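Here's the letter readout for the chains.
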Amino acid sequence: MLTAKGPYATAYHTPVLCHTVLEYLVTDTNGMYVDATAGGGGHVEAILSALSPKGCVIAIDRDADAVHAVEMRLPEAIDSKRLIVYQGAFSNLEALVQDHTPITGLLLDLGVSSYQLDHGPRGFSHRQTAPLDMRMDAESQMTAADIVNRFTEGALRKILRRWGEEPHARRIAQRVVACRPIGTTTDLATAVRSAVPLRWESRAVARTFQALRIAVNGEMDELAQVLDASARVVAEGGRLVVISYHSLEDRMVKRMLRDGVLTGEPERDVYGVRLVPWQPLTRRPVVPDATEITANRRSRSAKLRAGVRCSFPGSA
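Residues numbered from 1 in each chain as written. Predicted model: local features only at pLDDT ≥ 70, side-chain atom pairs only at ≥ 80, totals over all residues. Heavy atoms only, no water.

A. Just the overall build of the protein chain, in detail. Within the protein chain, the regular secondary structure consists of 14 helices and nine strands. Its C-alpha atoms give the protein chain a radius of gyration of 20 Å, within 12% of the compact-globule value 20 Å for 316 residues. In terms of principal-axis extent, the alpha carbons of the protein chain reach across some 60 × 50 × 40 Å. Expressed as a percentage of its 316 residues, the buried residues of the protein chain come to 54%. Across the protein chain, the 39 positively charged side chains and the 36 negatively charged ones have centroids separated by 9 Å. (Helix = DSSP H or I, 4+ residues; strand = E, 2+ residues; numbered from the N terminus. Rg over C-alpha atoms; globule rule 2.2 N^0.38 Å. Buried < 20%, exposed > 50% of the residue type's maximum accessible area, 1.4 Å probe, protein only. Lys, Arg positive; Asp, Glu negative; His and termini not counted. Charge placed at Lys NZ, Arg CZ, Asp CG, Glu CD.)

Structure below.
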């Protein structure tokens, strides 16, 4: 499907770096690939288009709306068994794909979809007045409103600093507590703007919404779990491709591809050789070109990193 926003774009979402994803991900047209962040199915359809009739894609998303969008978009691929769709968090990757491992390639397109940002009731964006929700899975218990209205000032400050890297976290947390109850995205954005100098307003609002979304959905814990599982489900010679949208995500992906672990030192054999399961294919992250950014401004912060699954040195 082709739209004015680019290949495989729909009203639900515009997939980022499609050509680059295929270049790094697809090594065997008869292989089994997993898109663990299926969104509107743009990357899923692109991968299917690059595979032979024997190739297969597993699409996973924790958002029921995204799962429905994929099912409505690609019914023929589902009927022909070339596409399998699951609803679930990618932190449960091993359980979801246990009947299909090892897989040939794994794609993670992190962040939020255009639909989630634009669909007012979800509360992901400060550009529309909506309830403070921000849940990617509507069945989850905690919402952004719970954090904003119930957490202590200290807890709010920690969330803003850790997940938003917000330099004005203290002032914003104080102001949010003073403005309670805060019921909508507009109320929250107004409170944040009133806490910081004029030149910092836009960034402070964006960072605050990012921090709350990450906290509500446990995004960094989810990412840590799927990265840890990736080497156990991807076959030797297979690929891992990750598109991140902020520095917290990118640093985690970079470290996993470089060291094979997210904390501590890499495992070493008796000779001191590092036992790292990934060989990075991208020394620096790949970013969208000017044409793509012009067509889709939300792609401007995207960074793609890729790695190939290798055997540990000295292994049989």
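We are not done yet, so read on.
B. Fine view of a nonpolar patch on the surface. Among the surface-exposed residues, Val270, Tyr271 and Val273 lie close enough to one another that they form a single nonpolar patch of about 390 Å² accessible area. Structurally, Tyr271 can be placed in the loop between α13 (247-259) and β8 (278-280). (Patch = residues over 30% accessible without salt bridge, like charges linked within 9 Å, V, L, I, M, F, W, Y side chains within 5 Å. Areas by Shrake-Rupley, 256 points an atom, 1.4 Å probe, with all protein chains shown as cover. Salt bridge = Lys/Arg side-chain N within 4 Å of Asp/Glu carboxyl O.)

C. Local environment of the sheet that holds strand β9 (residues 303-309). With mixed pairing, the seven strands of this open sheet are ordered in space as β5-β4-β3-β6-β7-β9-β8. Pairing within the sheet leaves two strands with one partner each, and these edge strands are β5 (83-87) and β8. Adjacent strand axes in the sheet meet at a mean angle of 20° when their direction is disregarded. Sheet topology places strand β7 (residues 234-244) next to β9; six bridges connect them, and they run antiparallel. The residue bridging Leu240 from the neighbouring strand is Gly307, located in β9. Most of the contacts of helix α1 (residues 18-25) go to β7, to which it runs at about 160°, and overall it touches β3 (32-35), β6 (103-109), β7 and β9. (Pairing = 2+ DSSP bridges. Axes fitted to C-alpha atoms, helices over the stretch in contact; angles between N-to-C directions. Contact = heavy atoms within 4.5 Å.)

D. Summary view of the pairing of β7. Among the 11 residues of β7, eight are classified as buried, and the element is accordingly described as predominantly covered. Sheet topology places β6 next to β7; six bridges connect them, and they run parallel. Looking at β7, one finds that Gly105 is bridged to Arg239.

E. Representation of the pattern of salt bridges. One pass over the structure, following the stated rule, counts 14 salt bridges. The salt bridge partner of Asp133 is Arg135, with a shortest N-O separation of 2.8 Å. For the pair formed by Asp133 and Arg135, the shared burial category is buried. When the shortest N-O distance is used, the salt bridge between Asp250 and Arg305 registers 2.7 Å. Of this pair, Asp250 sits in helix α13 while Arg305 sits in strand β9; the two residues are 55 residues apart in sequence, bridging distant segments of the chain. Looking at Asp250, the relative accessible area reads 9%, which means it is buried. Bridged by salt links that share partners, the residues Arg255, Arg258, Asp259 and Arg274 form one connected network.

F. Structural detail: the pairing of β9. The buried fraction of β9 amounts to six of the seven residues, a majority that puts the element mostly inside the structure. Of the pairings in the sheet, the one linking β8 to β9 comprises three bridges and is antiparallel in character. Residue Trp278 lies in a different strand from β9, and its bridge partner there is Arg309.

G. Examining the packing of helix α11 (residues 201-217) against helix α12 (residues 219-233) more closely. Closest axis-to-axis distance for the α11/α12 pair is 6 Å, and the angle between their directions is 60°. By the criterion of interaxial angle, the relationship of α11 to α12 is oblique. Only Glu219, Met220 and Glu222 of α12 make contact with α11, whose side of the interface consists of Arg213, Ile214 and Asn217. Among the residues making up the contact of α11 with α12, the classes are represented as two nonpolar, one polar and three charged. (Parallel < 35°, antiparallel > 145°, perpendicular 65-115°, else oblique. Nonpolar A, V, L, I, M, F, W, Y, C, P; charged D, E, K, R; others polar.)

H. Local environment of empty space enclosed by the protein. For the coordinates displayed, the defined rule picks out one cavity of 30 Å³ or more. Its volume calculated, the largest cavity comes out at about 40 Å³. Every residue lining the largest cavity is listed: Val148, Leu156, Leu160, Ile172, Val176, Leu188, Thr208 and Leu212. Mapped onto the lining of the largest cavity, the elements with two or more residues apiece are α8 (153-164), α9 (169-178) and α11. A class-by-class count of the residues in the lining of the largest cavity yields seven nonpolar, one polar and no charged. (1 Å grid on protein atoms, 1.4 Å probe; cavity = no way out; pocket = protein on both sides within 12 Å on 5 of 7 lines; lining within 4 Å. Points joined across faces, edges and corners; volume = space filled by probe spheres on them.)

I. Just helix α3 (residues 64-73), in detail. Burial in α3 covers these residues: Ala66, Val67, Ala69, Val70 and Arg73. Here the buried residues of α3 occupy an arc of 160° about the axis, which is enough to place them on one side. Each element contacted by the buried residues of α3 is listed here: α2 (42-50), β4 (56-61), α4 (75-79) and β5. With a side-chain oxygen lying 2.8 Å from the backbone nitrogen of Asp65, the N-terminal cap of α3 falls on Asp63. (Arc of directions from axis to C-beta. Polar contact = N/O pair within 3.5 Å; in protein donor to acceptor, adjacent residues only side chain to side chain.)

J. Here's a closer look at the environment of Ser52. If you trace the backbone, Ser52 turns up in the loop between α2 and β4. We classify Ser52 as buried; its relative accessible area is 16%. A sequence separation of 133 residues divides Ser52 from Thr185, and the C-alpha atoms of the two residues are 46 Å apart. Residues within four places of Ser52 in sequence aside, it is in contact with Thr29, Asn30 and Arg82.

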